[in-house]
Amino acid sequence: MTDPDPDGLAARLRTQLADELEDTGRLRSAAWRAAVTTVPREVFVPEFFRRSDGPQGTMWTPAAPGTGSADVWLEEVYADETLVTQLDGHVHPNDVDGPVGGEPTSSSTLPGLVVRMLEDLDPKDAARVLEIGTGTGYSTALMCHRLGSDNVTSIEYDPAAAARARTAITTAGYTPRLIRGDGLQGDPEGAPYDHLIATCSVRTIPSAWLRQVKPGGTILTTVSGWLYGSGLVRLTVKEDGTAEGRFLPGTVSFMIARPQAAPGLGDFSGLLRQPAEERSARHGPEVFRDWIPLFLAQLAAPGAQDLTTRVAGGPKLVHAIDVRDGSFATLTPDDSGDGFLVRQGGPVRLWDNIEAAVDAWRAAGSPPQTAFTLTVTPNGQRVQLDTEGGPTWDLPT
Ligand SMILES: C[S@@+](CC[C@H](N)C(=O)[O-])C[C@H]1O[C@@H](n2cnc3c(N)ncnc32)[C@H](O)[C@@H]1O
């Protein structure tokens with residue numbers, strides 16, 4: 001068999017990556033270090049898309065060992081970067097010759113985040129873990145190295161990604177249980193698990209996850225939604241089948257679980273012309289740019305999506321729209337140029353709810369995301385700002 005790393009470059013880059021992740025505090029244990037310095041990431045990303053942002057928006061250019069210097073390619077593979085491997089649910093790098101547009105639908109998450117999450121999950125030797133979102137299989141392989149393949153199950157929704165991951169995981173010498181299916185249903189046959197880790201985000205914690213993780217076990221996932229506000233939460237499952245936990249630090253986001261993707265906006269122009277109330281806004285579009293305000297907006301308007309429009313020669317208009325019930329809010333710069341007017345219509349005053357959430361957080365002293373908790377019971381899923389009488393928000397059902 002030919003040596004896949006004849007001059008030892010990949011091995012050196014793995015050590016370098018492990019050092020970098022250790023220096024920045026994301027890699028914290030010898031056991032996960034051994035996984036990072038062993039698992040060959042290049043096997044999991046034999047091709048990927050390079051991102052570039054220009055006048056036409058974000059474009060993606062295929063990258064593979066044959067498309068430039070092999071050393072440069074390998075250095076990119078071992079950079080602490082997310083490598084996008086699929087666009088729009090079906091376009092792979094070897095399907096295209098040059099730059100293309102599209103929405104990422106599968107990727108190898110940046111190693112620093114994968115490792116940080118594995119450290120947060122903290123499975124003990126031989127713990128059984130269910131992973132949702134196999135993607136390229138790199139994180140699956142890290143877990144196989146640490147826990148033994150027999151203790152790892154991973155579920156991938158996308159058939160093409162699942163097939164590629166299977167090939168890569170096998171090539172790297174691991175044999176976990178791999179399932180092509182909807183991770184929101186979990187894996188009833190393999191349950192109960194000690195831990196569940198999701199590398200796609202969810203709007204609501206699936207009830208199957210609670211049933212399939214042992215009491216005392218943990219669920220580590222990002223909670224997000226159609227505004228892309230996001231938070232990483234670690235839940236502990238209790239004897240009575242409920243779960244509770246705190247949001248963790250860091251700006252962690254993942255692509256949303258496919259069955260929970262946002263509905264299409266369709267032609268919303270008629271909706272925005274509906275009768276509406278107008279007032280001065282206390283908060284403007286910066287809510288959608290700042291991490292915790294966006295998380296709060298997500299909690300306060302879980303069915304909303306945001307978009308920006310511009311009429312020729314006019315100012316940018318920022319909208320929040322819930323296409324399911326026809327609620328909308330439009331922010332327009334006011335005459336002073338410093339503030340915004342908000343125009344709201346439909347059954348729910350989306351911007352009133354978003355502003356109330358941001359105001360409550362500010363009144364509590366603008367605490368970090370770790371001040372929020374999530375409680376999941378059969379009757380609902382509730383995020384609470386963990387201050388005296390702090391406000392609560394229900395995740396969508
Ligand atoms: C960020 S990628 C996963 C990265 C992966 N852990 C790695 O290291 O390469 C997210 C993956 O979740 C998958 N996904 C989305 N919804 C899913 C679902 N309901 N069940 C299982 N996988 C899902 C996507 O197809 C995508 O491949």
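Cut-off values and rules
- Each chain carries its own residue numbering, running from 1 in the direction its sequence is written.
- pLDDT decides what is reported in this predicted model: residues at 70 or higher carry local features, side-chain atom pairs at 80 or more are listed and counted, and totals for whole chains, interfaces and linings draw on all residues regardless.
- Hydrogen atoms and water are omitted, and side-chain values are computed over all heavy atoms in the structure.
- UniProt positions are given in the numbering used here, feature names are shortened, and annotations may be inferred rather than shown by experiment.
- Secondary structure follows DSSP: runs of H or I at least 4 residues long count as helices, runs of E at least 2 residues long count as strands, and numbering of each begins at the N terminus.
- The pairing test for Phe, Tyr and Trp rings, Trp by its six-membered ring, is centres within 6.5 Å, and the orientation test on the planes gives stacked under 30 degrees, edge-to-face over 60, and tilted for anything in between.
- Buried, partly exposed and exposed residues are distinguished by accessible area as a fraction of the type maximum, computed with a 1.4 Å probe on protein chains only: under 20%, between the cut-offs, and over 50%, respectively.
- In this scheme, the term charge over a ring applies when either NZ of a lysine or CZ of an arginine sits within 6 Å of the ring centre and within 35 degrees of the ring normal.
- What makes a residue near a molecule or strand is one non-hydrogen atom of that residue sitting within 4 Å of it.
- Any N or O atom pair separated by 3.5 Å or less is treated as a polar contact, with the protein-specific requirement of one donor-capable and one acceptor-capable atom, and with residues adjacent in sequence counted only for side-chain atom pairs.
- Here the open area of atoms and residues is found with the Shrake-Rupley method and a 1.4 Å probe, where only the protein chains shown may cover a residue.
- Throughout this entry, Asp, Glu, Lys and Arg are counted as charged residues, while Ala, Val, Leu, Ile, Met, Phe, Trp, Tyr, Cys and Pro are counted as nonpolar. The remaining residues, Gly among them, count as polar.
- The arc in question is the one spanned by the directions pointing from the helix axis to the C-beta atoms.
- Pairs of strands are assigned from DSSP output, requiring at least two bridges between the strands.
- To get an axis, fit a line to the C-alpha atoms, keeping to the stretch in contact for a helix; angles then go from 0 to 180 degrees between the N-to-C directions.
- For this analysis, residues touch if any pair of their heavy atoms sits within 4.5 Å.

Where an unreviewed UniProt entry is consulted, the chain appears under the name Protein-L-isoaspartate O-methyltransferase, with the organism given as Streptomyces inusitatus. The annotation that UniProt attaches to the chain under Subcellular location (unreviewed entry) is "Cytoplasm".

The next point concerns the environment of S29. Its location among the elements puts S29 in the loop between α1 (9–23) and α2 (30–36). The spatial distance from the C-alpha of S29 to the C-alpha of D290 is 32 Å, given a sequence separation of 261 residues.

Looking now at the packing of aromatic side chains. Under the definition given, this model contains five aromatic pairs. Seen in terms of ring centroids, F247 and F295 are 5.1 Å apart; in terms of plane orientation they differ by 65°. Their pairing is edge-to-face. With F247 in strand β11 (residues 243–247) and F295 in helix α10 (residues 291–300), the pair connects residues that are 48 residues apart, well separated along the chain. Summarising the burial analysis for this pair, F247 and F295 share the class buried. Among the aromatic residues, those joined into a cluster by ring pairs are F247, F295, F372 and W393. If you follow R128 out to its NZ or CZ, it ends over the ring of Y193, 4.5 Å from the centre. Over the ring of W32 we find R146; its NZ or CZ atom is 5.8 Å from the centre of that ring.

For P188, the position within the fold is in the loop between β7 (177–180) and β8 (193–198). For the pair P188 and R211, spaced 23 residues apart in sequence, the C-alpha separation works out to 8.6 Å.

The next point concerns the site of the ligand. Lining the immediate surroundings of the ligand are 28 residues, of which S106, T136, S139, E156 and G183 lie closest. Between an oxygen atom of the ligand and a side-chain N or O atom of E156, the distance comes to 2.5 Å. For the ligand, whose unbound accessible area comes to 610 Å², protein coverage reaches 99%. For the shell around the ligand, the secondary-structure elements that each account for two or more residues are β4 (104–108), β5 (129–132) and β6 (152–156). Here the element with the most residues in the shell around the ligand is β4; it accounts for four residues. Taken together, the residues of the shell around the ligand break down into nine nonpolar, 14 polar and five charged.

A word on unusual backbone geometry. The amide bond that connects A191 to the next residue, P192, takes the cis arrangement and shows omega of 5°. Mapped onto the fold, P192 is located in the loop between β7 and β8. Here the phi dihedral of D122 falls at roughly 50°; this positive angle occurs in a residue that is not glycine. Tracing the backbone shows D122 in the loop between α5 (111–121) and β5. In this structure, A126 is a non-glycine residue whose phi angle is positive, near 65°.

Let's shift gears to helix α4 (residues 70–77). Along α4, the positions that sit buried rather than exposed are W73, L74 and V77. The buried residues of α4 occupy an angular sector of 95° when the element is viewed end-on, so they sit on one face.

To continue, consider the sheet that holds strand β14 (residues 316–322). With respect to topology, five strands assemble into an open sheet ordered β12-β16-β15-β14-β13, the strand pairing being antiparallel. Each edge of the open sheet carries a strand with a single partner, namely β12 (277–280) and β13 (305–310). Neighbour-to-neighbour, the strand axes of this sheet turn through a mean angle of 20°, independent of strand direction. Note that β13 and β14 share six bridges and pair antiparallel. Each residue of the ladder has a partner; that of L307, found in β14, is H319. Across the sheet, helix α11 (residues 350–363) is in contact with β12, β14, β15 (327–333) and β16 (340–345); its angle to β15 comes to roughly 70°.

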